[in-house]
Amino acid sequence: MDARILRVADDRFAVPVESTAQGQALAAEFAKLDGCIDAVGAIACVEVRFDAAAMSTARFRASIRDVLSGFSGAEIGRGLVHEIPVEYGGAAGPDLDGVCAALGITVEEFIDRHTGGECIVAMLGFTPGFAYLDGMDAGLAVPRRNVPRSDVPAGSVGIAGPRTGIYSLQGPGGWRIVGRTSRQLFDPAAPDPFLFAPGDRVRFVAVNR
């Protein structure tokens, strides 16, 4: 593991990681440190924010170094498991036929492979609640669209490179849209506005079979 500790602001550090699971595990350990305000694991790093008014930068850096020196690499718990219903193709997935043609597979094979495994929520971002998911079948990877769409419906399920993702809000986007879910990923009026949290697991279920 790359154990560099990068100062990214007066009150925060970033620590590169090798995997999403490792990032989630380290974030859980950093969150226990004295002076830690927040620790968030993402795809390539963990960002740690600390109380700079109560603790010196050098002291908190040393605390991070201690965690890294004793870190075993074990994963944390698997998080919640969400079954996400998806309507594939047609108006809900306008890029599906083109994706299948590029991959040389049938629509049925694509759906079997996209629903056949379990993905992990690597991070939320881009818009509130947009879910970046790791663990998709590597053989389904396709590049982003050359020209992004100006309007992608909320709930759209897309692919960009090795990841699949779900749009939480209506808006522009360049991922290749293969389907759409009726589940609401972001509800600002709810006590917890986000359906997913980093580390949660997602299983896609085809509803148009």
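Just so you know, these numbers come straight off a predicted model, no measurement behind them.

So, how was this worked out
Per chain, residue numbering runs from 1 following the sequence as it is written. Selection of residues for local features in this predicted model requires a pLDDT of at least 70, selection of side-chain atom pairs for listing and counting requires 80 or more, and totals for whole chains, interfaces and linings are taken over all residues. Side-chain metrics rest on all non-hydrogen atoms present in the structure, leaving aside hydrogens and water. In this description a helix means any DSSP run of H or I spanning at least four residues, a strand means any run of E spanning at least two, and both kinds are numbered starting from the N terminus. Residue burial is assigned from relative accessible area. The probe radius is 1.4 Å, only protein chains are included, and a residue is buried under 20% of its type maximum, exposed over 50%, and partly exposed in between. Residue contacts are defined here by distance: any two heavy atoms, one from each residue, within 4.5 Å place the two residues in contact. Where accessible areas are quoted, they stem from the Shrake-Rupley method and a 1.4 Å probe; at the residue level, only the protein chains shown are allowed to cover. Counting rule applied: Lys, Arg positive; Asp, Glu negative; His and chain ends not counted. Where a charge lies is defined by one atom per residue type, namely NZ (Lys), CZ (Arg), CG (Asp) and CD (Glu). Definition used in this section: a nonpolar core is a set of buried Ala, Val, Leu, Ile, Met, Phe, Trp, Tyr and Cys residues joined via side-chain atoms within 4.5 Å. Strand pairing follows a simple DSSP-based rule, namely that at least 2 bridges must link the two strands. The convention used is that axes are lines fitted to C-alpha atoms, helices contributing only their stretch in contact, and that angles between N-to-C directions extend from 0 to 180 degrees.

Remarks on the overall build of the protein
So, step 1. Broken down by element type, the protein carries four helices and 13 strands.
So, step 2. Reported as C-alpha extents along the three principal axes, the dimensions of the protein are approximately 55 × 35 × 30 Å.
So, step 3. Counting every position in the protein, which comprises 209 residues, the buried fraction comes to 42%.
So, step 4. Look at the contacts in the protein between residues 6 or more apart in sequence, and 62% of them connect residues 24 or more apart.
So, step 5. Carbon and sulfur atoms provide 51% of the accessible area of the protein, an area that totals close to 10,100 Å².
So, step 6. Charged side chains of the protein number 20 positive and 25 negative; the gap between the two group centres comes to 3 Å.

Let's talk about the nonpolar core
So, step 1. Ranked by size, the top nonpolar core spans 24 residues in total, and within it Y88, F110, L133, I166, V178, F196 and F204 carry the most contacts.
So, step 2. Dropping the residues within four chain positions of it, F196 is found in contact with H82, I84, V121, L124, A131, I166, L185 and V202.
So, step 3. Counting residues in each nonpolar core, the second largest holds 20 residues, with I5, V17, L26 and F71 among its members.

Some remarks on the sheet that holds strand β4 (residues 45-50)
So, step 1. Reading across the sheet, the four strands line up as β1-β2-β4-β3 and stay open at both edges, with antiparallel pairing between neighbours. One side of each edge strand has no neighbouring strand; the edge strands of this open sheet are β1 (6-9) and β3 (36-41). Strand after strand, the sheet turns through a mean of 25° between neighbouring axes, direction not considered.
So, step 2. Looking at chain direction, β3 and β4 are connected through five bridges and run antiparallel.

Regarding the pairing of strand β12 (residues 176-180)
So, step 1. Taken together, the two bridges between strand β5 (residues 81-88) and β12 define a ladder with antiparallel strand orientation. Bridge pairing links E87 to R180 in β12.
So, step 2. Where strand β9 (residues 156-160) lies against β12, four bridges are found, and the strand directions are antiparallel. Looking at β12, one finds that S156 is bridged to R180.

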